[in-house]
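# Results of the structural survey
Residue-level listing of the chains:
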Amino acid sequence: MEFNVKKLASDAGVFFSRAMQFTEEKLGQAEKTELDAHFENLLARADCTKNWTEKILRQTEVLLQPNPSARVEEFLYEKLDRKVPSRVTNGELLAQYMTEAANDFGPGTPYGKTLIKVGETQRRLGAAEREFIRSASINFLTPLRNFLEGDWRTISKERRILQNRRLDLDACKARLKKAKAAEAKAALWNDEVEKAEHELRLTQTEFDRQAEVTRLLLEGISSTHVNHLRCLHEFVESQTNYYAQCYQFMLDLQKQLGSSKGEIFSGTFVGNAESASPAAATSPPAVAAATLPAVPTIPVVPTIVGVPNTVAEGVLNPNEVKPPASGTRRARVLYDYEAADSTELALLADEMITVYSLPGMDPDWLIGERGNQKGKVPVTYLELLS
């Protein structure tokens, strides 16, 4: 009991001495032992690393999980050392809704078939997003978080100890200075000077030892940068793979929709008025409008010399079609296309064909010619050249 009381009194005295020294330094009433320039640079570099690592970590978390409530939930599960429950991605939820809608509308109808195709692609996109989040969390977020919660806490702890050692050292220097001043007035203070010098030697040794420990930890920040650089490369690789998968999924979907579109809207050209309404047949998809230049069409007229009236009426016979005197263009085929019927022209990627429009045609289709072959081709599969 007596030992504890003495220890508490000693600790209180040390704390009071450090507080007095710190206050006097701030007021400019006491001298402060300065660290060398190299040490100060190491401290500044460490602080910079910590600050930017925190910002990058937080913003990456926002990128991977934009929902703040979900981020808080994941944080709590992590602190409680419990497994975060699996969460359905937005793409997977959209896929579920589209599939259920297709079942209600009829999976055999054109709309139902398309909903199923788009829903399956959304499901694949959601699965790819889930894998990207998992990979980024393991390879990028976890190392950053480990630095902040591990190495940086150790560095901060040793820096606080170094600060206390410096305050003790400067307090001993101040006491020695006072003892020497008193010695000049009376020789009876020699013992106080000797005691102050002894304390100064001890505190100087402790300060130097702690400064060396802290310096080694601060120099380890270079290794931290190397580790974070490797993690950054892995993050970029994961992100690249994710977007490449998304692009391929959407490209496959676009091909499927382009192929099925010819079947859905074939009534426009073969005279089957019951297969598609005029409004549906003339509505261009958003993708085509956003990515391909508009193709000028010739205004519809009742009769055109050299063009059979059956074209204006919606019936296309490729053998009867003649190219207009002007308005033909060259086009490069972007993807392979399999003709749905005899009115269409099969395409091979990267080949060059001649295309033109005819009165009354769906603006999403053109007449394509390759040598003696002729037929309808979808605009979405072409890159129109000047």
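Below, the structure is looked at part by part. Note that the coordinates shown come from a computational prediction; the quantities given were computed from them, not determined experimentally.

### Quick notes on the nonpolar core
- Counting 34 residues, the largest nonpolar core has F39, F132, F140 and L218 as its most contacted members.
- Secondary structure elements with two or more residues in this core: α2 (37-64), α5 (110-183), α6 (190-219) and α7 (221-264).
- Among the elements that take part in this core, α5 stands out by supplying 16 residues, more than any other.
- Counting residues in hydrophobic clusters, the runner-up holds 20 residues, among them V333, V377, L382 and L384.

### As for a nonpolar patch on the surface
- A surface patch of nonpolar side chains, about 290 Å² in accessible area, is lined by V72, F75 and L76.
- Position of V72 among the secondary structure elements: in helix α3 (residues 68-79).
- Residue classification places V72 among the partly exposed residues on the basis of a relative accessible area of 48%.

### Digging into α5
- Under the 1.5 Å per step criterion, the end-to-end length of α5 is 105 Å for 74 residues, consistent within 8% with the ideal 110 Å.
- S137 marks where α5 bends most, by close to 40°.

### Description of the packing of helix α4 (residues 90-105) against α5
- Interhelical geometry of α4 versus α5 gives an angle of 165° and a closest axis separation of 7 Å. Here α5 runs roughly antiparallel to α4, going by the angle between their axes. The chirality of how α4 crosses α5 is left-handed. Here G91, E92, L94, A95, M98, A101, A102 and F105 of α4 come into contact with α5, specifically with Y111, G112, L115, I116, V118, G119, Q122, R123, G126, A127 and R130.
- The residue inventory of the contact of α4 with α5, partitioned by class, reads 11 nonpolar, 5 polar and 3 charged.

### A look at the side chain of T33
- Turning to its location among the elements, T33 is positioned in the loop between α1 (2-26) and α2.
- On the basis of relative accessible area, T33 is assigned to the buried category, the value being 15%.
- Among the polar contacts listed, one links the side chain of T33 to the side chain of D170, at a separation of 2.3 Å.
- At 3.0 Å, the side chain of T33 and the side chain of K173 are in polar contact.

### As for unusual backbone geometry
- At D350, a residue that is not glycine, the phi angle is positive and equals roughly 75°.
- Taking relative accessible area as the criterion, D350 reaches 54% and is therefore assigned exposed.

### Details of the packing of α2 against α5
- Relative to each other, α2 and α5 sit at 150°, their axes nearing to 10 Å. On the basis of their axis angle, the class for α2 and α5 is roughly antiparallel. Seen from above, α2 lies across α5 with left-handed handedness.
- Residue composition of the contact of α2 with α5, by class: 16 nonpolar, 4 polar and 6 charged.

### A short note on α4
- Here α4 spans 22 Å end to end across 16 residues, near enough to the 22 Å set by a 1.5 Å rise per residue.
- Considered for burial, the residues of α4 that qualify are G91, E92, A95, M98 and A102. Considered in projection along α4, the buried side chains sweep an arc of 120° and stay on one side of the axis. When the buried face of α4 is taken as reference, the exposed residues oriented beyond 90 degrees from it are N90 and D104.
- Buried residues in α4 make contact with α5.
- Just beyond α4, the residue with positive phi is G106, at close to 115°.

Cut-offs and rules
- Residues numbered from 1 in each chain as written.
- Predicted model: local features only at pLDDT ≥ 70, side-chain atom pairs only at ≥ 80, totals over all residues.
- Heavy atoms only, no water.
- Core = buried A, V, L, I, M, F, W, Y, C linked by side-chain atoms within 4.5 Å.
- Buried < 20%, exposed > 50% of the residue type's maximum accessible area, 1.4 Å probe, protein only.
- Helix = DSSP H or I, 4+ residues; strand = E, 2+ residues; numbered from the N terminus.
- Patch = residues over 30% accessible without salt bridge, like charges linked within 9 Å, V, L, I, M, F, W, Y side chains within 5 Å.
- Areas by Shrake-Rupley, 256 points an atom, 1.4 Å probe, with all protein chains shown as cover.
- Salt bridge = Lys/Arg side-chain N within 4 Å of Asp/Glu carboxyl O.
- Expected span 1.5 Å × (residues − 1).
- Bend = angle between axes of the 7 residues up to and from the residue.
- Axes fitted to C-alpha atoms, helices over the stretch in contact; angles between N-to-C directions.
- Parallel < 35°, antiparallel > 145°, perpendicular 65-115°, else oblique.
- Left-handed = near helix turned anticlockwise from the far one by under 90°.
- Contact = heavy atoms within 4.5 Å.
- Nonpolar A, V, L, I, M, F, W, Y, C, P; charged D, E, K, R; others polar.
- Polar contact = N/O pair within 3.5 Å; in protein donor to acceptor, adjacent residues only side chain to side chain.
- Arc of directions from axis to C-beta.

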